[in-house]
Amino acid sequence: MTKIKEFIDSIEVENTAKVVKHVLDGVDIKLESFTVRKLEKFVLDRKPNSPKSIATICYVIGLYAKWLDSQNPGDGSHLLELVQNIDKKMIWKKAKPTARKKFVTYSDFKRVIKEIELYEEFNDLYYSTLFRCVYEGIYCDDMSVIKNLRGSDVHGNTVVLHEDNGHTYKFKITPQLAADIVELSRKQIWERRNRYGICKVDMRGLYPDSVFKVEERKSANPEDDSSLRFCYYAKLRKISDEYLDNHILPFQLYISGIMHRIASKLKRKNITIKEALAENNRNRDDHMIIEAELVRCNYGSEYGNFKEIVKGHLDMFDMSK
């Protein structure tokens with residue numbers, strides 16, 4: 001058994017083990033004998049797609065170095081020193097041109113909606129409304145605001161959103177999305193092609209006017225949260241795979257919409273997104289614009305966490321070009 005395999009097997013915390021395996025599983029080289037250039041190449045070979053992913057890779061290597069030292073003092077000291085002093089900004093500069101995109105630009109969002117409406121033979125309203133909902137900010141980790149959404153929740157351009165934890169809040173949406181939600185809530189049939197032509201399947205939701213009903217199958221029980229979540233993720237995955245160059249998670253689509261709206265509001269004040277999110281920016285007005293959108297969209301984490309997530313991808317939302 002290699003030392004790296006021993007290290008992986010020694011980790012008891014489930015989330016940490018998952019991250020460590022993602023970085024080191026299958027690696028059978030001696031990291032402790034690396035030079036700084038070899039270490040930089042190793043990080044680049046992991047294909048990081050953000051400064052945060054580079055920091056995570058370095059964190060895992062640092063954990064391994066400390067584990068080596070705990071097994072035999074001094075064995076990991078060289079590696080620990082290298083990883084603590086590695087130039088993460090330089091690595092991101094090298095990785096960025098070929099890094100997989102983590103977010104969706106506004107132009108891509110508009111293109112995807114248009115292409116769904118043009119090219120989806122069946123259920124185009126379902127796909128476009130689901131995609132638009134998440135981008136406009138109707139999202140939470142367990143997707144319960146999607147599951148619980150009803151046509152009767154729409155009042156003009158305001159929708160009332162319901163999380164499973166009991167949290168209810170009002171949310172402004174575009175007129176187009178409001179109209180699409182109401183129209184989709186009236187649909188009861190899912191269509192797909194089979195060898196005999198078009199197959200029509202009944203859909204069921206929690207309510208007669210549920211917006212995002214699911215096909216009436218054993219694998220899609222409208223009262224089973226995990227089944228519903230799987231259905232929504234699968235449909236968003238289909239959109240991502242067929243209309244975008246890269247796989248975008250629902251959370252990343254949600255953040256993309258937030259970033260576009262923040263950039264639009266900042267532009268009205270002649271401020272760029274890069275200026276507002278710069279490390280040395282202490283302008284309270286800029287911060288308030290960003291924080292207001294995060295609060296509006298029920299973003300549950302700290303402002304600093306948000307900055308870390310979008311760091312390195314601000315060019316995608318730059319409206320000064």
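Quick note: structure is the one above.
Residues numbered from 1 in each chain as written. Predicted model: local features only at pLDDT ≥ 70, side-chain atom pairs only at ≥ 80, totals over all residues. Heavy atoms only, no water.

Draft legend 1. Just the overall build of the protein, in detail. Secondary structure assignment for the protein yields 15 helices and six strands. Judged by the C-alpha coordinates and their principal axes, the protein covers about 70 × 50 × 40 Å. Put simply, the protein has 321 residues, and 48% of those count as buried. Across the protein, the fraction of contacts at a sequence separation of at least 24, relative to all contacts at a separation of at least 6, is 60%. Counting every atom, the protein has about 17400 Å² of accessible surface; 49% of that belongs to carbon and sulfur. Placing the 54 positive and 48 negative side-chain charges of the protein at their respective mean positions leaves the two points 4 Å apart. (Helix = DSSP H or I, 4+ residues; strand = E, 2+ residues; numbered from the N terminus. Buried < 20%, exposed > 50% of the residue type's maximum accessible area, 1.4 Å probe, protein only. Contact = heavy atoms within 4.5 Å. Areas by Shrake-Rupley, 256 points an atom, 1.4 Å probe, with all protein chains shown as cover. Lys, Arg positive; Asp, Glu negative; His and termini not counted. Charge placed at Lys NZ, Arg CZ, Asp CG, Glu CD.)

Draft legend 2. Quick look at the sheet that holds strand β4 (residues 189–194). Ordered in space as β4-β5-β6, the three strands form an open sheet in which the pairing is antiparallel. Each of the sheet's edge strands pairs with one partner strand only, and the pair in question is β4 and β6 (214–215). Alignment of β4 against strand β5 (residues 197–204), held across six bridges, turns out to be antiparallel. Across the sheet, E191 pairs through a bridge with K200, a residue of β5. (Pairing = 2+ DSSP bridges.)

Draft legend 3. Region of interest: the layout of surface pockets. Of the pockets and cavities examined, the largest pocket occupies roughly 880 Å³. Every residue lining the largest pocket is counted, 22 residues in all, and those nearest its centre are H22, N49, S53, T56 and K102. Looking at the lining of the largest pocket, the elements with two or more residues in it are α2 (14–24), α4 (51–71), α12 (250–267) and α15 (303–310). Among the residues forming the lining of the largest pocket, the class breakdown is eight nonpolar, eight polar and six charged. Volume-wise, the second largest pocket comes out at about 440 Å³. Lining the second largest pocket are 14 residues, with P51, K89, E279, K311 and G312 sitting closest to its centre. Residue assignment for the lining of the second largest pocket shows that the elements contributing at least two residues are α4, α6 (88–95) and α15. It is α6 that provides the largest number of residues to the lining of the second largest pocket, a total of three residues. (1 Å grid on protein atoms, 1.4 Å probe; cavity = no way out; pocket = protein on both sides within 12 Å on 5 of 7 lines; lining within 4 Å. Points joined across faces, edges and corners; volume = space filled by probe spheres on them. Nonpolar A, V, L, I, M, F, W, Y, C, P; charged D, E, K, R; others polar.)

Draft legend 4. Expanded view of the sheet that holds strand β1 (residues 154–155). Across the sheet, three strands lie side by side as β1-β2-β3; this open sheet has antiparallel pairing. Bordering the open sheet on either side are β1 and β3 (168–172), each of which pairs with just one other strand. As paired strands, strand β2 (residues 158–162) and β3 are joined by five bridges and run antiparallel to one another. Bridge pairing in β3 links T158 to K172.

Draft legend 5. Here's a closer look at the nonpolar core. Core analysis: the largest hydrophobic core is formed by 67 residues, its most contacted members being I138, F212 and F306. When neighbours within four sequence positions are excluded, F306 is seen to be in contact with I255, I258, M259, I262, I290, L294 and Y299. Counting 31 residues, the second-largest nonpolar core is a separate cluster that includes V20, F42, I57 and C58. (Core = buried A, V, L, I, M, F, W, Y, C linked by side-chain atoms within 4.5 Å.)

Draft legend 6. Layout of empty space enclosed by the protein. Within this structure, the stated rule accounts for two cavities of 30 Å³ or more. Estimated volume of the largest cavity: approximately 50 Å³. If you go around the largest cavity, the residues you meet are F131, L236, S240, L244, I248, L249, P250 and L253. The set of elements that each furnish at least two residues to the lining of the largest cavity consists of α11 (225–243) and α12.

Draft legend 7. Summary view of the pattern of salt bridges. The final tally for this structure, using the stated rule, is 20 salt bridges. Measuring nitrogen to oxygen at the nearest pair gives 2.8 Å for the salt bridge that ties K5 to D9. Of this pair, K5 and D9 both sit in helix α1 (residues 3–10), four residues apart, roughly one helical turn. Take K5: its relative accessible area is 37%, and that puts it in the partly exposed class. The class for D9 is partly exposed, based on a relative accessible area of 45%. Across the pair D108 and R111 runs a salt bridge whose closest N-O atoms are separated by 3.5 Å. With D108 and R111 both in helix α7 (residues 106–119), this residue pair falls three residues apart, about one helical turn. Owing to a relative accessible area of 18%, D108 belongs among the buried residues under this scheme. (Salt bridge = Lys/Arg side-chain N within 4 Å of Asp/Glu carboxyl O.)

Draft legend 8. Main features of unusual backbone geometry. With a phi close to 60°, N123 is a non-glycine residue in the positive phi region. Among the structural elements, N123 can be located in the loop between α7 and α8 (124–136). Backbone geometry at M143 places phi at a positive 60°, although glycine is not the residue there. You can see M143 is positioned in the loop between α8 and α9 (144–147).

Note that all results are geometric; they support no functional claim without further evidence.
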